[in-house]
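Working through the structure, step by step
In case you want the letters, here they are:
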Amino acid sequence: MHATGIDVSQTRTDMTAITSISPRPANSPPAAREPGSDGLGWSEFWRKEDWWAVWVGLATVAVAYAFYARGGSIGWIAVSPARWSSGDQLISHFAANAWRYVAQFVVFATVFTVALTAIGHRAGAFLGSFVLVYLLSLAIFALGAWDKAQYYNLEPPLVALLAGLLISNVIGVPDALRSGFRVEFYVKLGIVLLGATLPFTLIIWAGPVAILQASIVSIVTFSVIFVTARKLGLDHRLAATLGAGGAVCGVSAAIAIAGAVRARKEDPPIAITLVVLWAIVLIFALPLAARALGLSTGVGGAWIGTSEFADAAGFAAAQAYGGLAGPATGITGTADQAVWSYTLIKVVGRDVWIGIWALVLSIISVTYWERSETGGTVEYGQIWWRFPKFVVGFLVASVLVTLVTQGVSYADYDRLVKPGLIAPITTLRTWAFTFSFLSIGLTTRFRDFAPAGGRPAIAFTAGVIVNLVLGFVLSVLVFGQYWTDLAR
Amino acid sequence: MRWPFGQVARKTPATAGQCRTCAHFDNAPATLEAEFGNLASMSSGFASVRAEDGICRARNIYLSSRAGCTSHHAVGV
């Protein structure tokens, strides 16, 4: 029996019970239904978070280019704290740029409110919450710009996560203030903006190796978790949900596979608990281990991309590790290389395959695990339904910026394109990621974790260990030179 | 057009309604985020990967809105 009192080794829903299910009692509340859940169709374009991240991200790139093409820049609105060494400098910066920050907040708040109310959030609740997110992010940004921040290991992504965890679990946040903690929306927006700063030629060049490396690790990790879970007597569907959570893209994969294989309602929370706990541990552990091993930023990012679970968690670790580069630490490479290699492995190599995993596992589920159950259709369309659509925005942004900068000399790229177009987009991307890292901490409440039980924890941890070791071997020993040379 | 696994697809009784029109089916993103603690801390109920999956309150399973069973209870019936 499992800690919740649920027998996790139960092999299937008792189908004899199906015919005895009573209709919903007349006085019971109606089941909450996703608007238009009779098939999203075209409405998916304005009712899913992924698509809003695409629209907002691509619109930002388009506006940035429009300004750049006319000899201007969106740099005025893409403001962030400048490097400072004394409190006076910081105060002077804020005094001189107060209106820019006000304008930036208004733009962020307006755009995000439109996007999030379109998918079902309440505008008032979001706005109140976003004030908190913005102000905390501004403080974290300012701390990261301190010239002693690296010396004291005050990497902004890690500070954001810790601050969020502390506020959420020690101080507490009223539920009314939680609407603005949208980890996934912010990180997806950041990924689309990241596409604009990542040359498409680099994606083409490095993509195949990223896919190969990620596929090896994903298949091996899934197999280890699944087989271990089955050996421990866990149900097929829980085993698959755990396996996907550890092998593909964390909580998102776990929830996608749980739906594809018709997991018991208790299964996703078990996977969520294990994924989130391990992901938080690895956010801190992977940059520390990579630093101790003296890995270049490209290699460190690749290892993080191979071994972290959720996108937002991995970006926090990769950005933190990239921020360590420099003579003071002896870590070679650039901050961008860590984020780029991470993105190639995680987004291009792992995330995009979630629909395929869901299809394959649903076929196995329908044909072998629950043959006696009705309703067992194989839905080929889920390859697209479950496709993480923000990846489309990421690729389109990359293609657009690559095309408009085609033929520009290196000298002109550094002199004109970088400060006028790429740098402001990079700053806005960093804001989006900071909102996301902070929101991870603010949304993670330890008291909300479902008791996972010993056997799921053992199976998942076995996968984590294999994932870490295999990820290291591939990122450092097999493809190390490749990731070190990335974009050099 | 005949798909591989077409025989599997035919397992759904022709008369069975799909979960998306069943009173037992619950797939509101906010409800799922509330029900699955910490789902929103590293994913989202509003994400594309979730498609339209939801919880069958009658059988306590998490499944696609396109699934169905013989105990389908149409909304409003």
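Conventions we followed
Residues numbered from 1 in each chain as written. Chains lettered and ligands numbered in written order. Predicted model: local features only at pLDDT ≥ 70, side-chain atom pairs only at ≥ 80, totals over all residues. Heavy atoms only, no water. Helix = DSSP H or I, 4+ residues; strand = E, 2+ residues; numbered from the N terminus. Buried < 20%, exposed > 50% of the residue type's maximum accessible area, 1.4 Å probe, protein only. Contact = heavy atoms within 4.5 Å. Areas by Shrake-Rupley, 256 points an atom, 1.4 Å probe, with all protein chains shown as cover. pLDDT = per-residue confidence, 0-100. 1 Å grid on protein atoms, 1.4 Å probe; cavity = no way out; pocket = protein on both sides within 12 Å on 5 of 7 lines; lining within 4 Å. Points joined across faces, edges and corners; volume = space filled by probe spheres on them. Nonpolar A, V, L, I, M, F, W, Y, C, P; charged D, E, K, R; others polar. Salt bridge = Lys/Arg side-chain N within 4 Å of Asp/Glu carboxyl O. Pairing = 2+ DSSP bridges. Axes fitted to C-alpha atoms, helices over the stretch in contact; angles between N-to-C directions. Parallel < 35°, antiparallel > 145°, perpendicular 65-115°, else oblique. Left-handed = near helix turned anticlockwise from the far one by under 90°. Polar contact = N/O pair within 3.5 Å; in protein donor to acceptor, adjacent residues only side chain to side chain. Phe/Tyr/Trp six-rings, centres within 6.5 Å; stacked < 30°, edge-to-face > 60°. Lys NZ or Arg CZ within 6 Å of the ring centre and 35° of its normal.

Here the focus is the overall build of chain B. What chain B contains, in helices and strands, is 3 helices and 3 strands. Within chain B, buried positions represent 64% of all 77 residues. Nonlocal contacts in chain B, meaning residues at least 24 apart in sequence, comprise 59% of its contacts between residues at least 6 apart. Total accessible area computed for chain B in this model is approximately 3,000 Å², and 57% of it derives from carbon and sulfur atoms.

What follows deals with the confidence of the model for chain A. Low-pLDDT stretches of the model should not have their predicted coordinates read in fine detail. With 90% of its residues at a pLDDT of at least 70, chain A reaches an overall mean of 88. Note that residues 1–30 of chain A has pLDDT below 50 and, in this model, 64 contacts with residues that lie over four places away or in other chains.

With that out of the way, let us pick up the layout of surface pockets. Residues and elements named next belong to chain A. Looking at the largest pocket, its volume works out to about 920 Å³. Taken together, 29 residues line the largest pocket, and the ones lying closest to its centre are Thr 197, Pro 199, Trp 340, Tyr 410 and Tyr 413. Taken together, the elements giving at least two residues each to the lining of the largest pocket come down to α6 (183–197), α7 (200–231), α12 (335–348), α15 (390–404) and α16 (410–443). No other element matches the 8 residues that α16 contributes to the lining of the largest pocket. Taken together, the residues of the lining of the largest pocket sort by class into 13 nonpolar, 11 polar and 5 charged.

Moving on to the side chain of Ser 398 of chain A. Residue position: Ser 398 of chain A is located in helix α15. If we ignore the near neighbours within four places in the chain, the residues touching Ser 398 of chain A are Gly 195, Ala 196, Leu 198, Pro 199, Phe 200 and Ile 203 of chain A.

Right, let's get into the environment of Val 217 of chain A. All names here are of chain A. Secondary-structure assignment places Val 217 in helix α7. For the pair Val 217 and Val 248, spaced 31 residues apart in the sequence, the C-alpha separation amounts to 9.2 Å. If near-sequence neighbours (up to four positions away) are discounted, Val 217 is found in contact with Thr 306, Asn 467, Leu 470, Gly 471 and Leu 474.

Scanning the entire structure with this criterion turns up 3 cavities of 30 Å³ or more. If you add up the space inside the largest cavity, you get close to 120 Å³. Ala 260, Glu 379, Gln 382 and Arg 386 of chain A together with Ser 64 of chain B are, among the 16 residues lining the largest cavity, the residues nearest its centre. Within the residue set of the lining of the largest cavity, elements represented by two or more residues are α8 (236–261) and α14 (382–385) of chain A. Residue composition of the lining of the largest cavity, grouped by class: 4 nonpolar, 6 polar and 6 charged.

Turning next to the confidence of the model for chain B. Residue and element names in this part refer to chain B. Of all residues in chain B, 77% attain a pLDDT of 70 or more, and the chain-wide mean is 78. The spread of mean pLDDT over the elements of chain B runs between helix α1 (residues 6–9), the lowest at 39, and strand β2 (residues 54–56), the highest at 94. Across residues 1–15, where pLDDT falls below 50, the model places 20 contacts with residues more than four positions away in sequence or in other chains.

All names here are of chain A. Within the element layout of this structure, Ala 214 appears in helix α7. Through-space distance from the C-alpha of Ala 214 to that of Leu 474 is 9.3 Å; in sequence the pair is 260 residues apart. Ala 214 has contacts with Ile 345, Gly 349 and Arg 350, leaving out every residue within four places of it along the chain.

Take the pattern of salt bridges next. Per the counting criterion, the structure on display carries 22 salt bridges over all chains. Glu 33 of chain B is the partner of Arg 182 of chain A in a salt bridge, and the nearest nitrogen-oxygen pair spans 2.8 Å. A residue pair is termed interchain when its members come from two chains, as with Arg 182 of chain A in the loop between α5 (156–171) and α6 and Glu 33 of chain B in helix α2 (residues 29–35). Here Glu 33 of chain B falls in the buried class, since its relative accessible area comes to 15%. Its salt-bridge partner being Glu 52 of chain B, residue Arg 66 of chain B comes within 3.5 Å of it at the nearest N-O pair. Of this pair, Arg 66 of chain B sits in the segment after β3 (61–63) while Glu 52 of chain B sits in the loop between α3 (39–42) and β2; the two residues are 14 residues apart in sequence, bridging distant segments of the chain.

Spatially, 4 strands are ordered β1(A)-β3(B)-β2(B)-β1(B) in an open sheet, and the strand pairing comes out antiparallel. Only two strands of the sheet have a single neighbouring strand rather than two, namely β1 (263–264) of chain A together with β1 (25–26) of chain B.

Let us look at unusual backbone geometry. Residues and elements named next belong to chain A. Its identity as a non-glycine residue notwithstanding, Asn 153 has a phi of 55 degrees, on the positive side. Within the element layout of this structure, Asn 153 appears in the loop between α4 (123–144) and α5. By relative accessible area, which is 45% here, Asn 153 ends up partly exposed.

The subject of this paragraph is the packing of helix α10 (residues 297–307) of chain A against α12 of chain A. Residues and elements named next belong to chain A. With their axes 7 Å apart at the nearest point, α10 and α12 run at an angle of 30 degrees to one another. Comparing the axis directions of α10 and α12 gives the class roughly parallel. Judged by the sense of rotation from one axis to the other, the crossing of α10 with α12 is right-handed. Together, Thr 297, Gly 298, Gly 301, Ala 302, Ile 304, Gly 305 and Thr 306 of α10 and Gln 337, Ala 338, Ser 341, Tyr 342, Ile 345 and Lys 346 of α12 make up the contact between the two elements. Counted by class, the contact of α10 with α12 contains 5 nonpolar, 7 polar and 1 charged residues.

A word on the side chain of Ser 218 of chain A. All names here are of chain A. With respect to the helices and strands, Ser 218 occurs in helix α7. There is a polar contact of 2.9 Å between the side chain of Ser 218 and the backbone oxygen of Ala 247. With residues up to four places along the chain from it excluded, the contact list for Ser 218 reads Ala 247, Arg 350 and Trp 357.

On to the packing of aromatic side chains, then. Within this structure, the stated rule accounts for 39 aromatic pairs over all chains. Each ring, one from Trp 205 of chain A and one from Tyr 482 of chain A, has its centre 4.6 Å from the other, and the planes form 15 degrees; the classification is stacked. On the criterion of sequence distance, the pair formed by Trp 205 of chain A in helix α7 and Tyr 482 of chain A in helix α18 (residues 480–484) is long-range, its members being 277 residues apart. The class for Trp 205 of chain A is partly exposed, based on a relative accessible area of 42%. It is Lys 389 of chain A that lies over the ring of Trp 384 of chain A; its NZ or CZ is 4.7 Å from the centre. Directly above the ring of Trp 385 of chain A sits Arg 66 of chain B, whose terminal nitrogen or CZ lies 3.6 Å from the centroid.

Residue and element names in this part refer to chain A. Considering the arrangement of structural elements, one finds Leu 442 in helix α16. Between the C-alpha atoms of Leu 442 and Phe 181, which are 261 residues apart in sequence, the distance is 6.8 Å. Ignoring any residue separated from it by four or fewer positions in sequence, one finds Leu 442 in contact with Gly 164, Leu 165, Ile 167, Ser 168, Val 173, Arg 178 and Phe 181.

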